[in-house]
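# Residue-level structural notes
Take a look at the letters that make up each chain.
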Amino acid sequence: MNEQENSFKNRVKTQGFTLIELIVVICIISVLAAMLVPSIMGYVELARNRADVSAADVICKAIQVECAMDADKIESFTRNPWKAGVNADGSKYDADDHGYVYVDQNEVRVSSYAIAKILEENGYIKSAGKNTGDIKEYKFKKDQCIGLICKSRKKWYRFQININYRDGEIHFTYSANSKDGERYNTSGQSSGTNLHDQRASEIFAGMIGGEADDIVSLPKL
């Protein structure tokens, strides 16, 4: 009797899974993966969104503090290097009236050296470089940036902080572009080259608790 029991136990131990059992297990794992992966990716994207918004919020608050300490700096933060001009199609566009911090996945651009110094002091770029005065803008490539490169991929893939002087104080509006939502700007502002995405701008502004800009558009890449 003991020999029969031992023989049966040995057969059970060495039998393993059948092909049908393996297929069932694989199907269950596939279903679970299909359910979990989108949720995980959603959390990853949300974390990226929050990282972008957090960086923008820090920059805005730093600019506000600087202006509160020294009102003479307001002009340097709101100055725009782009002058009025003519588009490739012959249409005219007005000069921009705001400073800016533009951020995409490859570089950061700012409208003045004063803003570049803010980024440097807050650890977002390695160095503001030299103050070269009245040039078009200051650019910082990805390898010069520390944590400020746009991390989001879906809701937007680039964003811009627009810095205005309104009613005696610094005021911020926000622009953002998603690849699915950007369209040629119809406001007349560099309409031949710039792209506007109102929905992405509103999502970004909503997360930071600010105002989406319905005019400012971002350069065509």
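Check the entry above for the structure.
Residues numbered from 1 in each chain as written. Predicted model: local features only at pLDDT ≥ 70, side-chain atom pairs only at ≥ 80, totals over all residues. Heavy atoms only, no water.

## Points about the pairing of strand β7 (residues 169-177)
Burial of β7 is extensive: seven of the nine residues sit out of reach of the surface. Of the strand pairs in this sheet, strand β6 (residues 158-166) and β7 are connected by nine bridges, and their pairing is antiparallel. Pairing of Gln160 across the sheet is with Ser175, part of β7. Sheet topology places β7 next to strand β10 (residues 211-212); two bridges connect them, and they run parallel. Note that in β10 the partner of Tyr174 across the bridge is Ala212. (Buried < 20%, exposed > 50% of the residue type's maximum accessible area, 1.4 Å probe, protein only. Helix = DSSP H or I, 4+ residues; strand = E, 2+ residues; numbered from the N terminus. Pairing = 2+ DSSP bridges.)

## Comments concerning the packing of aromatic side chains
Inspection of the entire model under this criterion finds four aromatic pairs. For the ring pair Tyr174 and Phe204, a centre distance of 5.9 Å and an interplane angle of 40 degrees mean the geometry is tilted. Of this pair, Tyr174 sits in strand β7 while Phe204 sits in helix α5 (residues 198-208), placing them 30 residues apart in sequence. Assessed through its relative accessible area of 0%, Phe204 is described here as buried. Pairwise contacts between aromatic rings join Trp156, Phe159, Tyr174 and Phe204 into one cluster. (Phe/Tyr/Trp six-rings, centres within 6.5 Å; stacked < 30°, edge-to-face > 60°.)

## Focus on a nonpolar patch on the surface
A cluster of nonpolar side chains, contributed by Ile20, Val24, Ile28, Val31, Leu32 and Met35, occupies part of the molecular surface with about 590 Å² of accessible area. You can see Val31 is positioned in helix α2 (residues 19-69). Val31 sits in the partly exposed class, given a relative accessible area of 48%. (Patch = residues over 30% accessible without salt bridge, like charges linked within 9 Å, V, L, I, M, F, W, Y side chains within 5 Å. Areas by Shrake-Rupley, 256 points an atom, 1.4 Å probe, with all protein chains shown as cover. Salt bridge = Lys/Arg side-chain N within 4 Å of Asp/Glu carboxyl O.)

## Let's talk about the environment of Asp213
Along the polypeptide, Asp213 turns up in the loop between β10 and β11 (218-219). Through-space distance from the C-alpha of Asp213 to that of Thr173 is 5.3 Å; in sequence the pair is 40 residues apart. Among residues more than four places away in sequence, those in contact with Asp213 are Asn162, Thr173, Tyr174, Ser175, His196, Gln198 and Ser201. A distance of 2.7 Å separates the side chain of Asp213 from the side chain of Thr173, its partner in a polar contact. (Contact = heavy atoms within 4.5 Å. Polar contact = N/O pair within 3.5 Å; in protein donor to acceptor, adjacent residues only side chain to side chain.)

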